[in-house]
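Summary of structural features
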Amino acid sequence: MTAGPLALLFATSLSVAAPAAAQAPAGTPARPARDREWSVGGSLTGRSSMGDATATLLGSGGEPSVGLFRTENRFGAVAGPELAIAFRFRPDLWIEVAGALTRASLTSRVTNDADGAPAFVVSTPVIRVSAEAGVLWYFRGQDATAWFLRGGAGFLREGSGTLALAENGLLASGGVGFRHWWRTNGTGAFKRVGLRAEGRGVFLMSGINLGERALRFGPAGVLSLVVGY
Amino acid sequence: MLMLMSMRMRVLALTVLIVAGGAVSGVGAYLKLGVVVGGRLIGIEWTNQPIQYRVTTRDVPGVTAGQLQTALDGAFAEWARPAGVAVSSQFAGFTSADPFVDDGWSVIGFDARPELDRTLGAATFVFDDVTGEILESDIFLNSAFEWSVASNGEPGRFDVESILVHEVGHLLGLGHSALGETELIASGRRVTGKRAVMFPIAYGRGSIEDRTIEADDIAGITDIYGTAAARRALGAIVGRVTLNGAGVFGAHVTAFNPATGDLVAGFTLNSQGDFVIAAMKPGIYIVRAEPLDDADLESFFEDDTPININFQVGYHATHVAVPPGGAGQAIEIKVRAK
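Residues numbered from 1 in each chain as written. Chains lettered and ligands numbered in written order. Predicted model: local features only at pLDDT ≥ 70, side-chain atom pairs only at ≥ 80, totals over all residues.

**Quick notes on the overall build of chain B**
Across its full length, chain B holds four helices and 21 strands. Counting across all 338 residues of chain B, residues that qualify as buried make up 55%. A separation of at least 24 residues holds for 68% of the contacts in chain B among residues at least 6 apart in sequence. (Helix = DSSP H or I, 4+ residues; strand = E, 2+ residues; numbered from the N terminus. Buried ≥ 20, exposed ≤ 12 C-beta atoms within 10 Å, placed from the backbone. Contact = placed C-beta atoms within 7 Å.)

**So, the nonpolar core**
Counting residues in hydrophobic clusters, the biggest one holds 110 residues, and the most contacted among them are Ile237(B), Ala255(B), Ile277(B) and Met280(B). Lining this core are residues from two domains, each supplying at least three of them: domain 1 (8–221) and domain 2 (234–335) of chain B. Judged by nonpolar contacts, the second largest core, of nine residues, contains Ala86(A), Ala98(A), Leu136(A) and Ala146(A). (Core = buried A, V, L, I, M, F, W, Y, C linked by C-beta atoms within 7 Å. Domains from an automatic or database assignment.)

**Structural notes on the confidence of the model for chain B**
Low pLDDT means the predicted atomic positions in that stretch should not be read closely. Residues and elements named next belong to chain B. Mean pLDDT over chain B works out to 87, with 90% of the residues at or above the 70 mark. Below pLDDT 50 for its whole length, residues 1–30 participates in 95 contacts with residues either more than four positions away or in separate chains. Across the assembled chains, the prediction reports ipTM 0.87 with pTM 0.83. (pLDDT = per-residue confidence, 0-100.)

**Focus: helix H3 (residues 215–225) of chain B**
Residues and elements named next belong to chain B. Counting buried positions along H3 gives eleven out of eleven residues, so the element sits mostly inside the fold. Within the sequence span of H3, burial applies to Ala-215, Asp-216, Asp-217, Ile-218, Ala-219, Gly-220, Ile-221, Thr-222, Asp-223, Ile-224 and Tyr-225. The inward-facing, buried residues of H3 contact strand S3 (40–43), helix H1 (65–80), helix H2 (160–171), helix H4 (228–233), strand S16 (263–267) and strand S17 (274–280).

**As for the environment of Phe203(A)**
All names here are of chain A. Summarising the element assignment, Phe-203 is placed in strand S9 (residues 192–206). Expressed as a C-alpha distance, the spacing of Phe-203 and Phe-217, which sit 14 residues apart in the sequence, is 4.6 Å. If we skip the residues at most four places from it in the chain, Phe-203 touches Leu-171, Ala-172, Leu-215 and Phe-217.

**Details of H2(B)**
Each α-helix winds once per 3.6 residues, and so residues spaced three or four apart point in a common direction. Residue and element names in this part refer to chain B. In this model H2 runs 16 Å from its N-terminal to its C-terminal C-alpha over twelve residues, within 8% of the 16 Å that 1.5 Å per residue would give. Buried within H2 are the following residues: Val-160, Glu-161, Ser-162, Ile-163, Leu-164, Val-165, His-166, Glu-167, Val-168, Gly-169, His-170 and Leu-171. One or two positions beyond H2, positive phi appears at Gly-173, with a value near 115°. (Expected span 1.5 Å × (residues − 1).)

**Things to note about the domain arrangement of chain B**
Here chain B is described as being made up of domain 1 (8–221) and domain 2 (234–335). Between domain 1 of chain B and domain 2 of chain B, the C-alpha centre-to-centre distance is 25 Å.

**A closer look at the pairing of S3(B)**
All names here are of chain B. Direction of pairing for strand S2 (residues 34–37) relative to S3: antiparallel, over a ladder of four bridges. What sits directly across from Val-35, in S3, is Ile-42. Hairpin connection of S2 to S3: two residues between the antiparallel strands, including Gly-38 at a positive phi of 55°. (Pairing = 2+ DSSP bridges.)

**Here we look at unusual backbone geometry**
Residue and element names in this part refer to chain B. Look at the link from Gln-49 to Pro-50: it is a cis peptide, with omega at 5°. Relative to the elements of secondary structure, Pro-50 occurs in the loop between S3 and strand S4 (51–56). Phi is positive for Asn-244, which is not a glycine, with a value near 55°. Turning to its location among the elements, Asn-244 is positioned in the loop between strand S13 (235–243) and strand S14 (246–247). The class for Asn-244 is exposed, based on 10 C-beta atoms found within 10 Å.

**Looking at the environment of Gly141(A)**
Residue and element names in this part refer to chain A. Turning to its location among the elements, Gly-141 is positioned in strand S6 (residues 120–141). On the basis of neighbour counts, which here come to 19 C-beta atoms within 10 Å, the residue Gly-141 falls in the partly exposed class. Each C-alpha atom of the pair Gly-141 and Ala-98 lies 23 Å from the other, and the pair is 43 residues apart in sequence.

**Observations regarding the packing of H1(B) against H2(B)**
Residues and elements named next belong to chain B. Direction vectors running N to C along H1 and H2 enclose 50°, while the axes themselves pass 8 Å from each other. Overall, the two elements H1 and H2 adopt an arrangement that is oblique. Helix-helix and strand crossings are classified by hand; for H1 and H2 the assignment is right-handed. Contact residues: Leu-68, Ala-71, Leu-72, Gly-74, Ala-75, Phe-76, Glu-78 and Trp-79 in H1; Val-160, Glu-161, Leu-164, Val-165, Val-168 and Gly-169 in H2. For the contact of H1 with H2, a count of residues per class yields ten nonpolar, two polar and two charged. (Axes fitted to C-alpha atoms, helices over the stretch in contact; angles between N-to-C directions. Parallel < 35°, antiparallel > 145°, perpendicular 65-115°, else oblique. Left-handed = near helix turned anticlockwise from the far one by under 90°. Nonpolar A, V, L, I, M, F, W, Y, C, P; charged D, E, K, R; others polar.)

Set out below in structure tokens:
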């Protein structure tokens, strides 16, 4: 919160802030207190397999006959910043728009070379930009701590400086998390400041595709600083 | 290399072999036949289309002239099938003329050449050695072998259409591809697997697999006859193969797209080890360099070409992206000596 870029981000949120809304009635689940919440943090997505693919020669009947080499393809763990803004739709239901910029390593382990070449790892850094719309349902909690379920879907673009090609794709995610306010009576735009933590399962469709699986899955964790107003 | 002897040249170009050996003239560039003009290599191609061809009236056991013409139609149609390829042909009638006669007509037919006991067929060209325009191209199929036009192939006989697809590939200006593996058998070499109709050795009797062109063949034909739209949509990989910092001549470079399974390949064609694999579908590829099999050298290069086969298989360290309409950064594949 004391970092320069973060302060700037919060200042930006100030400029678009709407008047504070009334507190939700005490005792109702989740009880979001404000109309909008900004969250900024980081996400870490575990590695995801893209499946295997073998460079194959065909026999006289069109059947695979000679494997030139085999590749095992995967995305390494993905980490990067994530920014989101949530709008209250009902006291326990919020709609969220999020964007993330992540960086990962695309690797292909090459084995079983027909000419006996030793196993070799081909690796390329990849940047992923994503935009996602989601719904949060606060199903349990008190003023300070509230638990939520989240589901979302969106668009992604993957590419990098060494990959002249960038590919578009789709993503869908679902998870569970909590938000904890550690400051609820501040002044100005930062009346509520807290922490949000979430575990997600992320499905990626298309984007950079290597191997047999066009649909990828990876577990993810997100930790964010939340400002409500 | 092709010699610059006159404005019109006839060259015995390429053969389809059932075993190793046979006459092959110079391959000028990746998958394409070329000619050196003023120190510059240019590909040969048909600029005047539709390509008009005649079929000999000579029947052979199991195949009439009419059936040969039908198979030829299928072979030309196969090369015109890929989206973005502008190739057209026209049957101009039957003729009693023989193939390989410089008569201004492209004549295709059977001929008995029992002395070529390992050659199923061959193509010749007459082309303008200044512009590279193909003026005439003849194809013969060796009637010393047994042939079939059965729709599903026929055991014990070679499939006419499969061999014609290969030979028409030459007629259109394509050279040989090295995307295949062979093994030595008592009577010569046998294909154990391949991914290009333009591989110089045919499948055995009864197979009809070569009626269908593969990704490598499609890249080659699109490289020569691709429409403007195809050139905007397709890309290339450019780079070099080096051994201890020096270029490797004659390395076989294979690009594999794990997402599609496509294999497309080319060669390094100068002492700097430079290569270009063009007309590729955009995507991400794994690129491998290997020495040519010394038993196959003559299928791809002239005898006096300084081909280096004394290195180990190597891979490029990163994935290689093929963007639409161009190429990514030039890559370098560093290989080690054997």
